[in-house]
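# Notes for the structure review
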Amino acid sequence: MKRRRTALLSLTALLAAALTALPAAPAGADEVEQVRNGTFDTTTEPWWTTPDVTAGLSDGRLCADVPGGTADRWDAAVGQNDITLVKGESYRFSFKASGVPEGHVVRAIVGLQTAPYDTWYEVSPQLSASGDSYAYTFTSPVDSSQAQVAFQAGGAADAWRLCLDDVSLLGGVPPEVYQPDTGPRVRVNQVAYLPAGPKNATLVTGAGTRLPWQLRNADGRTVAHGWTVPRGSDVSSGQNVHSIDFGAFHGRGKDFTLVADGETSRPFAIGTGAYEQLRLDSLKYYYTQRSGIAIRDDLRPGYGRPAGHLNAAPNQGDAQVPCQAGRCAYTLDVTGGWYDAGDHGKYIVNGGISTWELLSTYERSLHARTGQPGRLGDGSLALPESGNKVPDVLDEARWELEFLLKMQVPEGQPLAGMAHSKVHDAQWTGLPLLPSDDPQPRELHAPTTQATLNLAATAAQAARLYRPYDRAFAAKALTAARTAWRAALAHPETYPDPNDGTGGGAYPDDNASDEFYWAAAELYLTTGEQEFAHHVLTSPVHTAGIFGPLGFDWGRTAAAGRLDLATVPNALPGRDEVRRSVIRAADSYLATAASQPYGMPYAPDGNLYDWGSNAQVLNNAHVIATAYDLTGAARYRDGALGSMDYILGRNALNISYVTGYGEVASHRQHSRWYARELDPNLPDPPRGTLAGGPNSSIQDPYAQSRLKGCTGQFCYVDDIQSWSTDETAVNWNAALAWMASFVADQG
Ligand code: 9MR
């Protein structure tokens, strides 16, 4: 799909752009300079500035006086237009830059010079007063004769001076070979193994025969030893690997290391405490994703920020949002909810599966043999609502549910009862950008059958879970769910437009049978009514093999219905077979995990890792864990626990994909407000944030410039620019929260 961060320049800025063309000078046999007059020897032509910037020559450089008090980087810029880019070609982008006073950030971009100002490459170095040289290589994702190179310097409180020299964009350079630093070749769960749980690791080695290993405690004393098991060439990584099983060791402690083949692993604990913390952190994540409410710094130190999208300038706000041009005659108040991911969009289909998995984290605690509802109770998540005697996880999910309800088309309007698929900006915005600083108009997009059924399913589930705490809300939710269900039956094939990806994600989906099944299941579980049982029992989805290799997600939601029919008490005829289908799925995921030297229950067809693969690993683990809840058989518990090892460091990149967990962990996830990589005044993502993970399709230009030709697990880079491999998203963290809560319960 097409999604880009966009630089918005004013029309005046564009008109101010000088268009004088000088001939491009070849710089080498195949390397061609695309920038005209990057050396500023005698003139600043053909460089332009935004009207608020004054630029001139100074010691053979271009120096620009940048005003203070502008909102966004692109509000004050220097650039050059009419550059030609060739798709798939590699370019070296280099320049010298200085900033006085020291410490300012310049956003250097290569992008489209007209609306919607797609950004194809960007870097945001922090400048010294004496100046430094910068050089980057990227691959152009497009063919264009309307490219610009621009240096965006706005967004600072006080005025500063930017100087540039030797600006160059060299085409025809060989692509840069990216070598990730993968550290020691012994790969472990860098956070913790449970004392009574399985303990597996992976060794990358050229050795063909078994090797000795030692487990060392914090004092360096060997506390267990054994032999590796050669596993040959691993498809998911292309590496030659051995596996190590030290599950017979049941001691506890911190800072264990595993030694083999002359390498010492990163340290890890054997204990349960980390998972209690991860259960809370992965759920606390949602508060700082909230829209329409100021985030309190006392509740999340370092993360306080003004409310986003409440109609306070420069926000245009979510209080009276119209439909896309000509699509409806009303506006809706759609304030609240969670921002989907690193963007400011709010999408029903993704909000729906996320809400379901959060509610299910709570619902599991009520019904599972190891469930501990008290751990998710009032006060557990430090929310503004803490102290209201309602479990905090329900308070958090309600923030999204209230938004989902607001997205329903009002009575009396065409398509009444259906749900608008999404609300987001008219155009993509750039990074960084606090929610409260987003100047874009917001728009409601057309209702879809899938969105409507997401609303029906989650509102029906909410009706049974909130009933003990707020009967009125439970009743309201159930009414909305019934209305949505009837509206979906009346409009069963109103699908999202797969090309509707400007300013927000498309979430394309051309089949709603899984959403019908899920919604019918939730309505049946809550009401016990015959109509819904009939729909479940006659749906082809009910008996279909729905647990494929990729697992369930926002577009494949049948599993949500099947898992709940299996676990939430009910009297559906043939329920034993429903439970057996979950256990069979778990068996197949266990077989996958056993075949993988890195132990994850994920082996996508053709080794093509999907967008958000980490959540898919976790959701397959969720199915295995559910089989444990259904049977009590230890192999399912162990399989689910072992899946966590992959997420927390036992992987080809030797990285924990959860911020704040493990010695080397993802912390630069793509986000407009956890954008410390671009602005040192902003925070990294909060502890407990899951990165999307390896994605073979590497849709973003940054990943394309680094990862072209990557194998499975290697299709990941921890960089804010890599939105296709390294974004944060509410659905992915929901998969983490469910699993973290399961694992914590096994302690
Ligand atoms: O995770 C989503 C992926 O499965 C889809 O193919 C893609 C296209 O719709 O969108 C991904 O979700 C993104 C959404 O579109 C916009 N917000 C950020 C989401 C995570 O990257």
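Everything that follows concerns the structure shown earlier in this document.
Keep in mind that what you see is a predicted model, and the values were worked out from it rather than measured.

Here the focus is the packing of helix 6 (residues 471-490) against helix 7 (residues 513-527). Remark: helix 6 packs on helix 7, axes separated minimally by 11 Å, with the N-to-C direction vectors making an angle of 145 degrees. Pair helix 6 / helix 7 crosses with left-handed handedness. Where helix 6 abuts helix 7, its residues L478, A481, R482, W485, A488 and L489 lie against F516, A519, A520, L523, T526 and T527. Considered class by class, the residues forming the contact of helix 6 with helix 7 number 9 nonpolar, 2 polar and 1 charged.

In this section: the site of the ligand. Near the ligand there are 14 residues, and of these D340, G505, Y507, W554 and E727 occur at the shortest range. One nitrogen or oxygen atom from the main chain of Y507 is found 2.9 Å from an oxygen atom belonging to the ligand. Between the ligand and W554 there is a distance of 3.0 Å, counted from an oxygen atom to a side-chain nitrogen or oxygen. Coverage of the ligand by the protein amounts to 92% of the 440 Å² it exposes when considered alone. Its residues assigned to classes, the shell around the ligand comprises 9 nonpolar, 1 polar and 4 charged.

Before going further, it helps to spend a moment on the packing of aromatic side chains. Going through the model one piece at a time under the given rule, you end up with 33 aromatic pairs. Ring plane angle 70 degrees and centroid distance 5.7 Å describe the contact between F249 and F256, whose orientation is recorded as edge-to-face. We classify F249 as buried; its relative accessible area is 17%. Taken together, a centroid distance of 4.6 Å and an interplanar angle of 50 degrees make the contact between Y286 and W338 tilted. Residue Y286 is located in the loop between helix 2 (273-284) and strand 22 (321-322), and its partner W338 is located in the loop between strand 23 (331-332) and strand 24 (346-347); the two are separated by 52 residues in the primary sequence. Accessibility expressed as a relative area gives 0% for Y286, which makes it buried. W338 gets classed as buried once you look at its relative accessible area, which sits at 2%. Through a chain of ring-to-ring contacts, three or more aromatic side chains come together here, namely F40, W47, Y91, F93, F95, Y121, Y134, Y136, F138 and F151. Just above the ring of W738 sits the side chain of R364; from NZ or CZ to the centre is 5.7 Å. Lying across the ring of Y661, R687 places its NZ or CZ 4.7 Å from the centre.

Calculation criteria
Residues numbered from 1 in each chain as written. Predicted model: local features only at pLDDT ≥ 70, side-chain atom pairs only at ≥ 80, totals over all residues. Heavy atoms only, no water. Axes fitted to C-alpha atoms, helices over the stretch in contact; angles between N-to-C directions. Helix = DSSP H or I, 4+ residues; strand = E, 2+ residues; numbered from the N terminus. Left-handed = near helix turned anticlockwise from the far one by under 90°. Contact = heavy atoms within 4.5 Å. Nonpolar A, V, L, I, M, F, W, Y, C, P; charged D, E, K, R; others polar. Near = heavy atom within 4 Å. Polar contact = N/O pair within 3.5 Å; in protein donor to acceptor, adjacent residues only side chain to side chain. Areas by Shrake-Rupley, 256 points an atom, 1.4 Å probe, with all protein chains shown as cover. Phe/Tyr/Trp six-rings, centres within 6.5 Å; stacked < 30°, edge-to-face > 60°. Buried < 20%, exposed > 50% of the residue type's maximum accessible area, 1.4 Å probe, protein only. Lys NZ or Arg CZ within 6 Å of the ring centre and 35° of its normal.

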